[in-house]
Amino acid sequence: MPTPDRRDLIADAAISTVADAGLRGLTHRAVDAAAGLPAGSTSYYFRTRSALISACYLRLAELSVADADRWEADHGRPDLDSAAGALAALLHHWLTAARDRQLARFELSLEATRRPELRAALQTAGLAARSRAASLLAALGAPRPAPAADLLVAWVDGLLYDRLVGALAATRPPPDVAELTAVARRMLDVALST
C-alpha cells in the first residue's frame, strides 16, 4: 500500500482525533501528535480549523468511494444478489474496521449544520456518495436512479448511525454479515421500485 501524502496523513490523523476526542479535541497540535509530525505541520497545510475540518470531509468521502470501489470490484458485474452482498460487506466494514471513520463523519456532519462555511465540503462529500449509489442503482435497472440513490444513502446513514451511536448500540451484538445482507437486499428491492 502506498504511503499517503502529507495532506492525507494529516486528514487521516484529524479523522482519528475527532473519532477519539470529538470536535473539542480537534486542534492543530493534537493532529500533529496523532500524525507523528513536528509541531506546526498541520497548520502549515491547513491554516484554520475550518480548513482542517473541510479536509476531513473530503478525505472521508474519498475513502468511502475507495471502499465502495474495492467491494464492488470483489463482487464483479452487479446483479441484485451480488449488489446486496457487496453492500452488506461494505456496511460490515464501516461498522467494524472503519468504525472510527463513521463516528467522525457523524460528528463532523453535525458541526456543518452550525457552521455555514463548512457546508460546501459536506455537500461535496454527500454528492459523491449519492453519485456512487445512483451508478449502482442504474446498473441494476432502477427507473429513477437519482431519487433511489437519495433513499438508499439515507437508509445506509440511518443504519450506520443506529448501530454505532443509537440508543441500543451499546447493547447490540456485533454486526452479522448475513443479517446485513438481508437488510441490504430489502433496501435495494425498495430503492429499485422507487
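Keep in mind that this is a model prediction, so the values were computed, not measured. (Residues numbered from 1 in each chain as written. Predicted model: local features only at pLDDT ≥ 70, side-chain atom pairs only at ≥ 80, totals over all residues. Heavy atoms only, no water.)

Draft legend 1. Focus on the environment of Val183. Within the secondary structure, Val183 sits in helix H9 (residues 177–192). We classify Val183 as buried; its relative accessible area is 17%. Sequence separation between Val183 and Leu159 is 24 residues, and the spatial gap between their C-alpha atoms is 9.5 Å. (Helix = DSSP H or I, 4+ residues; strand = E, 2+ residues; numbered from the N terminus. Buried < 20%, exposed > 50% of the residue type's maximum accessible area, 1.4 Å probe, protein only.)

Draft legend 2. Inspection of the packing of helix H1 (residues 6–21) against helix H6 (residues 99–114) at higher detail. Viewed as axis vectors pointing N to C, H1 and H6 meet at an angle of 80°, and their least axial separation amounts to 8 Å. Judged by the inter-axis angle, H1 sits roughly perpendicular to H6. Of the residues in H6, those in contact with Ile15, Val18, Ala19 and Asp20 of H1 are Asp100, Arg101, Ala104, Glu107 and Leu108. When grouped by side-chain class, the residues that make up the contact of H1 with H6 number five nonpolar, no polar and four charged. (Axes fitted to C-alpha atoms, helices over the stretch in contact; angles between N-to-C directions. Parallel < 35°, antiparallel > 145°, perpendicular 65-115°, else oblique. Contact = heavy atoms within 4.5 Å. Nonpolar A, V, L, I, M, F, W, Y, C, P; charged D, E, K, R; others polar.)

Draft legend 3. Local environment of the confidence of the model for the chain. When pLDDT is averaged across the chain, the result is 91; 96% of the residues are at 70 or more. Of all secondary-structure elements in the chain, the lowest mean pLDDT belongs to helix H4 (residues 49–75), at 86, while helix H2 (residues 28–35) reaches the highest, 98. (pLDDT = per-residue confidence, 0-100.)

Draft legend 4. Broad picture of the pattern of salt bridges. This structure, assessed with the given rule, holds 15 salt bridges. Ionic pairing is found between Glu111 and Arg114, a salt bridge with its closest N-O pair at 3.3 Å. A residue pair is termed a helical-turn pair when its members lie 3 or 4 positions apart in one helix, as Glu111 and Arg114 do in helix H6 at three residues. Residue Arg114 is classed as exposed on the basis of its relative accessible area, which comes to 56%. Arg163 is the salt-bridge partner of Glu179, the closest N and O atoms lying 2.5 Å from each other. Separated by 16 residues along the polypeptide, Glu179 in helix H9 and Arg163 in helix H8 (residues 145–165) bring together distant segments of the chain. Of the residues examined, Glu179 reaches a relative accessible area of 34% and is grouped as partly exposed. Several salt bridges converge on common partners, so that one network encompasses Asp8, Asp12, Arg59 and Glu62. (Salt bridge = Lys/Arg side-chain N within 4 Å of Asp/Glu carboxyl O.)

Draft legend 5. Representation of the packing of helix H5 (residues 80–95) against H6 in the model. Where H5 contacts H6, the two axes come as close as 6 Å, and the packing angle between them is 80°. Classified by the interaxial angle, the pair formed by H5 and H6 is roughly perpendicular. Each of His93, Trp94 and Leu95 in H5 lies in contact with H6, whose residues at this interface are Arg99, Arg101 and Gln102. Of the residues contributing to the contact of H5 with H6, the split by class is two nonpolar, two polar and two charged.

Draft legend 6. Region of interest: the packing of aromatic side chains. Inspection of every chain in the model, using the stated rule, returns two aromatic pairs. Considering the side-chain rings of Phe106 and Tyr161, the 5.2 Å spacing of their centres and the 90° angle between planes classify their relative orientation as edge-to-face. With Phe106 in helix H6 and Tyr161 in helix H8, the pair connects residues that are 55 residues apart, well separated along the chain. Phe106 gets classed as buried once you look at its relative accessible area, which sits at 13%. Looking at Tyr161, the relative accessible area reads 42%, which means it is partly exposed. (Phe/Tyr/Trp six-rings, centres within 6.5 Å; stacked < 30°, edge-to-face > 60°.)

Draft legend 7. Here's a closer look at the nonpolar core. Of all hydrophobic cores here, the largest spans 33 residues; its most connected members are Leu87, Leu91, Leu137, Leu152, Val156 and Leu188. Those elements giving two or more residues to this core turn out to be H5, H6, helix H7 (119–139), H8 and H9. What Val156 contacts, discounting residues up to four positions off in sequence, is Leu87, Leu91, Trp94 and Met187. Membership of the second largest hydrophobic core comes to 23 residues, among which are Ile10, Val31, Ala104 and Ala112. (Core = buried A, V, L, I, M, F, W, Y, C linked by side-chain atoms within 4.5 Å.)

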